[in-house]
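Each chain, letter by letter, is given below.
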Amino acid sequence: MNIGFSLSNNQGLTDVRDVVSVAARAEELGYDSVWASDHVFNVSYVYERIGRRPYYDPLTILAFAAAQTERVILGTSVLVLPYHNPMRLAKQAATLDQLSGGRVALGVGVGVIDTELEAMGVPFAERGPYTDESIAIMKTLWQEDDPRHEGRFFQFSDMAFSPRPVRAEGIPLLIGGTSRAAIRRAARRGDGWHPTAMPPEDLAQGIRYLHEQAEQAGRDPASIPVSVSVPLQGGRPGRFTLGTEPAEMRANAQALADVGVSRMVVSPYSGDPAEVFPAMETIAAEVMPAVR
């Protein structure tokens, strides 16, 4: 199992340089990936966690991180697609992919905060169809020489699109979310499933459902890897956490690996650099050797 680390752009770190410096240190310590999260407004559980402190834009942070690193995958965990115009996002992501030498992976989801979705121009009830159409558009733009789309929200034809991503198949789209609808979306449209903080027993059930849905869609379940975002501690009630003591971390990481998780993305859930960097080092020293 590979291990990634959150850049903590969503934790209210007051100095943005602390956020981007996490990427270089993660690469030094042997993490396979670094990840940034996505909200526009500090609202709901985001406001409860950080109040009015900074929540930095994920793609801007990842672009800066790309310049500070050479190897790590640059991921989003996750972009809320209804906050984004899919054509513009496809161009931004492809540009970042070219800059980084093909290292981008986009975790994407539908969003859960109704007031924020409404403010961004997508009704809460429409977020699923908007997300599905956005995924289809981005794949078309990345893969087709003559991209065309006729959909409910967007239409285009007879226009060239550039740049394209480094890989011919485009940038991997990992579908976030823990609902059955999210799992079905991953099985039918995604290049991976990326839930947040599911206990191993629930995750195992979700993976079985993912495989069933993939087979019904005519896809090989092995082509849809599972990664999971896990906080060290805290987070919303009822969520699975990695823990803070080495033995607990190792046991919980192994439990995820045992049910079929291919990558664990760890979030320190802290806005204090004095906690973030020691947590990175503890995981690299105590957990990575046990699960790789």
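The numbering scheme is per chain: residues are counted from 1 as the chain's sequence reads. A pLDDT threshold of at least 70 governs which residues receive local features in this predicted model, and a stricter bar of 80 or more applies before side-chain atom pairs are shown or counted, although totals over entire chains, interfaces and linings include all residues. Computation of side-chain values covers all heavy atoms of the structure but excludes hydrogens and water.

Peer 1: Explain the overall build of the protein here, please?
Peer 2: A count of helical and extended segments in the protein gives 11 helices and 10 strands. The globule rule used here is 2.2 Å times the number of residues to the 0.38 power, and the radius of gyration it is set against is calculated over C-alpha atoms. For a compact globule of 292 residues, the expected C-alpha radius of gyration is about 19 Å, and the protein comes in at 18 Å, within 12% of that figure. With the principal axes as the frame, the protein shows a C-alpha extent of 55 × 40 × 35 Å. The Shrake-Rupley method, run with a 1.4 Å probe, gives the accessible areas here. Residue values count only the displayed protein chains as cover. Split by element, the accessible area of the protein, about 12400 Å² in all, is 49% carbon and sulfur. Each helix is a run of H or I in the DSSP string that is no shorter than four residues. Each strand is a run of E no shorter than two, and both are numbered from the N terminus.

Peer 1: Please explain the packing of aromatic side chains as it appears in this structure.
Peer 2: Aromatic ring pairs are defined here through the distance separating the ring centres and the angle between the ring planes. Only Phe, Tyr and Trp rings are paired, with Trp represented by its six-membered ring, and only when their centres lie within 6.5 Å; those with planes under 30 degrees apart are stacked, over 60 edge-to-face, the remainder tilted. Taken as a whole and judged by the stated rule, the model has 3 aromatic pairs. Through pairs of rings, three or more aromatic residues link up here, namely Tyr130, Phe153 and Phe154. Between Lys91 and the ring centre of Phe161, over which it is positioned, the NZ or CZ distance is 5.8 Å. The positively charged end of Arg180 is found above the aromatic ring belonging to Tyr209, 3.9 Å away from the centroid. Ring-over charges, as used throughout, are those where CZ of Arg or NZ of Lys falls within 6 Å of the ring centre and within 35 degrees of the ring normal.

Peer 1: Sorry, what's going on with the pattern of salt bridges here?
Peer 2: Oppositely charged side chains may form a pair once their charged atoms are brought near each other. Think of a salt bridge as a Lys or Arg side-chain nitrogen and an Asp or Glu carboxyl oxygen that are within 4 Å of each other. For the structure shown, the criterion picks out 13 salt bridges. Here Glu126 ties to Arg152 by a salt bridge, and the two come within 2.3 Å at their closest N and O atoms. Residue Glu126 is located in the loop between helix H5 (114-119) and helix H6 (127-143), and its partner Arg152 is located in the loop between strand E5 (149-150) and strand E6 (155-156); the two are separated by 26 residues in the primary sequence. A salt bridge links Asp132 to Arg189, with the shortest nitrogen-to-oxygen separation between them at 3.5 Å. With Asp132 in helix H6 and Arg189 in helix H7 (residues 180-189), this residue pair connects regions lying 57 residues apart in the sequence. Only protein chains enter the area calculation, which uses a 1.4 Å probe; residues under 20% of their type maximum are buried, those over 50% are exposed, and those in between are partly exposed. The exposure class of Arg189 is partly exposed, given its relative accessible area of 36%. Through salt bridges with shared partners, a single network forms among Arg25, Glu28 and Glu281.

Peer 1: Would you explain the sheet that holds strand E8 (residues 192-194) in this entry?
Peer 2: The strands making up a sheet associate through backbone hydrogen bonding, with each pair oriented either parallel or antiparallel. The strand order across the open sheet formed by 8 strands is E8-E7-E4-E3-E2-E1-E10-E9, and the pairing between neighbours is parallel. One side of each edge strand has no neighbouring strand; the edge strands of this open sheet are E8 and strand E9 (227-231). Each strand of the sheet is rotated relative to its neighbour by a mean of 30°, with strand direction disregarded. If DSSP finds at least two bridges between two strands, the strands pair. Strand direction decides the pairing type here: strand E3 (residues 73-80) and strand E4 (residues 104-109), joined by 5 bridges, are parallel. Each bridged residue has a counterpart across the sheet, and for Val80 the counterpart in E4 is Gly109. Its contacts with the sheet put helix H3 (residues 58-68) on strand E2 (33-36) and E3, and the angle it makes with E3 is roughly 180°. In what follows, a contact means two residues having at least one pair of non-hydrogen atoms within 4.5 Å. Note on definitions: angles span 0 to 180 degrees between N-to-C directions of axes, and those axes are lines fitted to C-alpha atoms, for helices only across the stretch in contact. Sitting on the sheet, H6 touches E4 and strand E7 (173-176), and the angle it makes with E7 is about 170°.

Peer 1: Honestly, the packing of helix H4 (residues 86-100) against H6 in this entry has me stumped. Any pointers?
Peer 2: Axis separation between H4 and H6 bottoms out at 9 Å; the angle between their running directions is 50°. Of the possible angle classes, the one that applies to H4 and H6 is oblique. Crossing of H4 over H6 shows right-handed handedness. Counting all contacts with H4, which are made through Pro86, Met87, Leu89, Ala90, Ala93 and Ala94, the residues of H6 involved are Tyr130, Ser134, Ile137, Met138, Leu141 and Trp142. Gly is placed with the polar residues, together with every amino acid not listed as nonpolar (Ala, Val, Leu, Ile, Met, Phe, Trp, Tyr, Cys and Pro) or charged (Asp, Glu, Lys and Arg). Taken together, the residues that form the contact of H4 with H6 break down as 11 nonpolar, 1 polar and no charged. Any angle that falls under 35 degrees is termed roughly parallel, while one over 145 is termed roughly antiparallel, one within 65 to 115 roughly perpendicular, and all others oblique. The hand of a helix crossing depends on one turn: near helix anticlockwise from the far one by less than a right angle means left-handed, and clockwise means right-handed.

Peer 1: What is the right way to read the pairing of E7 from this model?
Peer 2: A regular strand places its side chains so that they alternate between the two faces of the sheet. Burial of the side chains of E7 extends over both faces: Leu173 and Ile175 are buried on one face and Leu174 and Gly176 on the other. Pairing of E4 with E7, which is carried by 3 bridges, proceeds in the parallel orientation. Counted as the bridge partner of Gly107 is Leu174 from E7. Note: E7 against E8, 3 bridges, orientation parallel. By the bridge assignment for E8, Leu174 is matched with Gly192.

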